[in-house]
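# Working through the structure, step by step
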Amino acid sequence: MRRDWAKLFGKQLAKLRRLKGMKQHKLEEKIGSGPQYVSHLETGRSKPSFDNIFEIAEALDGPAMDLFFVEGLDDKKEVLRKRIENLLDRCDEKQLRKVYRLILVSLE
């Protein structure tokens, strides 16, 4: 059965937001989104854009990678490699540079 990554992402976002003691509307203010955006993300009704992921991470004062350390993701090397390739195929040059920097930092 295929897992819905938006729901897993939302669950992790809610967890991190609560750990910071932040209400949904405060996070929405910090990232400049409309009302209900964070609620929709946390319930898996919406998927964040690549740029929104970094804005959310910055607003929560943590690395974007923390938003993806969720239970339920298949950790087989081949599956992870394919998922990463699929994500990278959709990135523009600016986004690829961000991803590259994240990878370099995470490997230090």
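Summarised in this report is the structure supplied together with it. Remember, it's a predicted structure, so these values are computed and weren't measured experimentally.

Let us now look at the overall build of the chain. For the chain, the count of helices and strands is six helices and zero strands. For the chain, the spread of C-alpha atoms along the three principal axes comes to 40 × 35 × 25 Å. Buried residues in the chain amount to 31% of all 108 residues. Expressed as a percentage of contacts within the chain between residues at least 6 apart in sequence, the contacts between residues at least 24 apart total 59%.

Let us look at the environment of Leu41. Within the secondary structure layout, Leu41 lies in helix α3 (residues 37-42). Take Leu41: its relative accessible area is 0%, and that puts it in the buried class. Spatially, the C-alpha atoms of Leu41 and Ala6 are 7.3 Å apart, while their sequence positions differ by 35 residues. Among residues more than four places away in sequence, those in contact with Leu41 are Ala6, Gly10, Leu13, Ser46, Lys47, Pro48 and Ile56.

What follows concerns the packing of aromatic side chains. With the rule as written, the count across this model stands at three aromatic pairs. Taken together, a centroid distance of 6.2 Å and an interplanar angle of 75 degrees make the contact between Trp5 and Phe9 edge-to-face. In this pair, Trp5 and Phe9 are both assigned in helix α1 (residues 5-19), four residues apart and thus about one turn of the helix distant. According to the relative accessible area criterion, Trp5 is partly exposed, its value standing at 32%. A relative accessible area of 1% places Phe9 in the buried class. Cluster of aromatic residues (ring-pair linked, three or more members): Trp5, Phe9 and Phe68. Here Lys98 stacks its cationic end above the ring of Phe54, 5.3 Å away from the centre of that ring.

This part is about helix α4 (residues 50-59). Burial in α4 covers these residues: Asn52, Ile53, Phe54, Ile56, Ala57 and Ala59. Contacts made by the buried residues of α4 are with α1, α2 (24-31), α3 and α6 (93-107). Looking at the residues trailing α4, positive phi occurs at Asp61, about 60 degrees.

Charged atoms that come close allow side chains of opposite charge to pair. Summed over the entire model, instances satisfying the criterion amount to four salt bridges. The shortest N-O distance in the salt bridge between Arg17 and Glu42 comes to 2.6 Å. Taken together, the residues Arg17 in helix α1 and Glu42 in helix α3 connect sequence positions 25 residues apart. Both residues of the pair, Arg17 and Glu42, count as buried. Here Glu29 makes a salt bridge to Lys26, at a shortest N to O gap of 3.6 Å. Of this pair, Glu29 and Lys26 both sit in helix α2, three residues apart, which is roughly one turn of the helix. Taking relative accessible area as the criterion, Glu29 reaches 52% and is therefore assigned exposed. Judged by relative accessible area, Lys26 falls into the partly exposed class, the value being 42%.

Cut-offs and rules
- Residues numbered from 1 in each chain as written.
- Predicted model: local features only at pLDDT ≥ 70, side-chain atom pairs only at ≥ 80, totals over all residues.
- Heavy atoms only, no water.
- Helix = DSSP H or I, 4+ residues; strand = E, 2+ residues; numbered from the N terminus.
- Buried < 20%, exposed > 50% of the residue type's maximum accessible area, 1.4 Å probe, protein only.
- Contact = heavy atoms within 4.5 Å.
- Phe/Tyr/Trp six-rings, centres within 6.5 Å; stacked < 30°, edge-to-face > 60°.
- Lys NZ or Arg CZ within 6 Å of the ring centre and 35° of its normal.
- Salt bridge = Lys/Arg side-chain N within 4 Å of Asp/Glu carboxyl O.

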